[in-house]
Amino acid sequence: MSDITRCLFPAAGYGTRFLPATKAMPKEMLPVLTKPLIQYGVEEAIEAGCDVMSIITGRGKRAITDHFDISYELEHQIQGSSKEKMLSDIRNIIDKCTFTYTRQNEMKGLGDAIYKGKVLVGEHNPFAVILADDLCVNPKGDGVLTQMVKLYEKYKCCIVACMEVPKEDVHKYGVIEGKIMENNVHIVSNMIEKPDNDKAPSNLAVIGRYILTPEIFEIIKKTKPGKNGELQITDALCEQAKNGMVLAYKFEGKRFDCGSVDGFVEATNYFYNLEKKK
Ligand code: UTP
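Model, not experiment: these values are computed from the prediction.

Reading guide: rules and limits
- Residues numbered from 1 in each chain as written.
- Predicted model: local features only at pLDDT ≥ 70, side-chain atom pairs only at ≥ 80, totals over all residues.
- Heavy atoms only, no water.
- Helix = DSSP H or I, 4+ residues; strand = E, 2+ residues; numbered from the N terminus.
- Buried < 20%, exposed > 50% of the residue type's maximum accessible area, 1.4 Å probe, protein only.
- Contact = heavy atoms within 4.5 Å.
- Areas by Shrake-Rupley, 256 points an atom, 1.4 Å probe, with all protein chains shown as cover.
- Lys, Arg positive; Asp, Glu negative; His and termini not counted.
- Charge placed at Lys NZ, Arg CZ, Asp CG, Glu CD.
- Polar contact = N/O pair within 3.5 Å; in protein donor to acceptor, adjacent residues only side chain to side chain.
- Salt bridge = Lys/Arg side-chain N within 4 Å of Asp/Glu carboxyl O.
- Near = heavy atom within 4 Å.
- Pairing = 2+ DSSP bridges.
- Core = buried A, V, L, I, M, F, W, Y, C linked by side-chain atoms within 4.5 Å.
- UniProt positions renumbered as here; feature names shortened; annotations may be inferred.

1. So, the overall build of the protein chain
Counting its regular elements, the protein chain contains ten helices and 13 strands. With the C-alpha coordinates aligned to their principal axes, the bounding extent of the protein chain is approximately 60 × 40 × 40 Å. Taken over 278 residues, the protein chain has a buried fraction of 49%. Sequence separation of at least 24 residues holds for 77% of the intrachain contacts in the protein chain that already meet a minimum separation of 6. Carbon and sulfur atoms form 50% of the exposed surface of the protein chain, whose accessible area is close to 14,000 Å². Within the protein chain, the 38 negative side-chain charges are centred at a point lying 2 Å from the centre of the 37 positive side-chain charges.

2. Let's talk about unusual backbone geometry
Note that the residue after Leu-19, namely Pro-20, is joined by a cis bond; omega there is 5°. Backbone geometry places Leu-33, a non-glycine residue, at a positive phi of 60°. Secondary-structure assignment places Leu-33 in the loop between β2 (31-32) and β3 (35-36). Residues other than glycine seldom take positive phi values, yet Asn-184 does so here, at roughly 70°. Its location among the elements puts Asn-184 in the loop between β9 (174-182) and β10 (185-193).

3. Description of the side chain of Thr-22
As for its position among the elements, Thr-22 is in the loop between β1 (6-10) and β2. Accessibility expressed as a relative area gives 8% for Thr-22, which makes it buried. Side-chain polar atoms of Thr-22 contact the backbone oxygen of Gly-15, separated by 2.7 Å. Excluding anything up to four places from it in sequence, Thr-22 contacts Tyr-14, Gly-15 and Lys-27.

4. Details of the pattern of salt bridges
Close approach of charged atoms allows side chains of opposite charge to pair. Counting across every chain of the model gives 19 salt bridges. Asp-196 is the salt-bridge partner of Lys-199, the closest N and O atoms lying 3.6 Å from each other. Where Lys-278 meets Glu-275, a salt bridge forms, and the shortest distance between an N and an O atom there is 2.9 Å. For Lys-278, a relative accessible area of 76% translates into the label exposed. On the accessibility criterion, Glu-275 (42% relative accessible area) is partly exposed. The network of salt bridges with common partners includes Asp-3, Glu-153 and Lys-156.

5. A short note on the site of the ligand
In the vicinity of the ligand there are 18 residues, among which Thr-16, Arg-17, Lys-27, Gln-104 and Gly-109 approach most closely. Contact distances for the ligand include 2.9 Å between an oxygen atom and a backbone N or O atom of Tyr-14. For the ligand, whose unbound accessible area comes to 570 Å², protein coverage reaches 81%.

6. Things to note about the pairing of β9
Direction of pairing for β9 relative to β10: antiparallel, over a ladder of eight bridges. Residue pairing for β10: Val-175 is matched across the bridge by Ile-192. Counted along the chain from β9 to the antiparallel partner β10, the turn is two residues long, and its residue Asn-184 has a positive phi close to 70°. In this sheet, strand β11 (residues 204-212) lies alongside β9 in antiparallel orientation, the contact comprising two bridges. Across the sheet, the residue bridging to Val-175 is Ala-205, located in β11.

7. Considering the nonpolar core
By size, the foremost hydrophobic cluster in this structure holds 38 residues, and its most contacted members are Cys-7, Phe-9, Ile-38, Met-53, Phe-68 and Leu-145. At six residues, the largest contribution of residues to this core is made by helix α7 (residues 144-155). Setting aside residues up to four positions removed in sequence, Ile-38 forms contacts with Phe-9, Glu-28, Met-29, Ile-55, Ile-64, Phe-68 and Ala-132. Judged by nonpolar contacts, the second largest core, of 32 residues, contains Cys-158, Val-188, Leu-204 and Ile-216.

8. A short note on the UniProt feature "domain: Nucleotidyl transferase" (unreviewed entry) in the protein chain
Summarizing the sequence annotation, UniProt attributes the feature "domain: Nucleotidyl transferase" (unreviewed entry) to residues 11-269 in the numbering used throughout. Annotated as residues 11-269, this span is 32% helix and 26% strand, and its ends, taken at the C-alpha atoms, are 24 Å apart.

9. A word on the environment of Asp-134
Of note, Asp-134 is situated in strand β7 (residues 134-137). Overall, the relative accessible area of 7% leaves Asp-134 in the buried class. Sequence-wise, Asp-134 and Gly-15 are 119 residues apart; in three dimensions their C-alpha atoms are separated by 13 Å. Contact partners of Asp-134, with chain neighbours within four places excluded, come to Ile-207, Gly-208, Arg-209, Arg-255, Phe-256 and Asp-257. Side-chain polar atoms of Asp-134 contact the side chain of Arg-255, separated by 2.9 Å.

Structure, rendered in structure tokens:
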């Protein structure tokens, strides 16, 4: 069994790019085909060996809590019908995992949301982080988090997932500077949140998968608000890279930016075509 058994899901953001859909519904509950984004994330975490799912919610996010709970009335209604099997995956998830929740009362940034997770993941354990609006798949093998857990077992340090993006898009991401350590793995020397396109140190962009070691909490506590006045996890990880070791892992597979309408439609088409081929 791996050391990583807990996965944190920061899900407190407003999801303004999906208004009005996200006015009363969490972005993480938007369905790609029939499954909400956060369920894809939870399935990826289970595959990687996690069984405690810790979700950082906020106001208006109760649908997430309800989704990972039994719905007696509904289940009673469809019992014995052909529709029953449509709930079998989510029932399995509920049986296998423990779900814990806390709220981020103010949107102070991803670093702050992760800090709020300290009470859930504990202050002594390494843990995974999944941003459910980054939907990742690897049709050729291990899921992205599983690939990262395997790397963690080798190096026991913080790891961020990254991918190459076109130079004109780097301003949308946290971008890393580093040296190649082994195939697809860089040692990070610097990280910049949303740099100007002409000032980015590389085109290696961080996406929403992390493995963090517990020292990160002390570092976040000392980190000052950065870009947009938010507490950026990128800044805390940059500090961690200077004190110890942070690896950037170029994952195998595909990532859909389901926080944007284009990425969401792309993911929907991808999964729809997969279903049609079955
Ligand atoms: P985004 O940058 O996508 O922000 O956050 P958002 O509010 O969710 O969406 P837009 O930009 O308004 O459309 C990236 C991830 O970090 C979480 C979000 O829930 C999302 O999963 N997050 C961000 C928090 O949990 N708390 C924060 O304060 C900020």
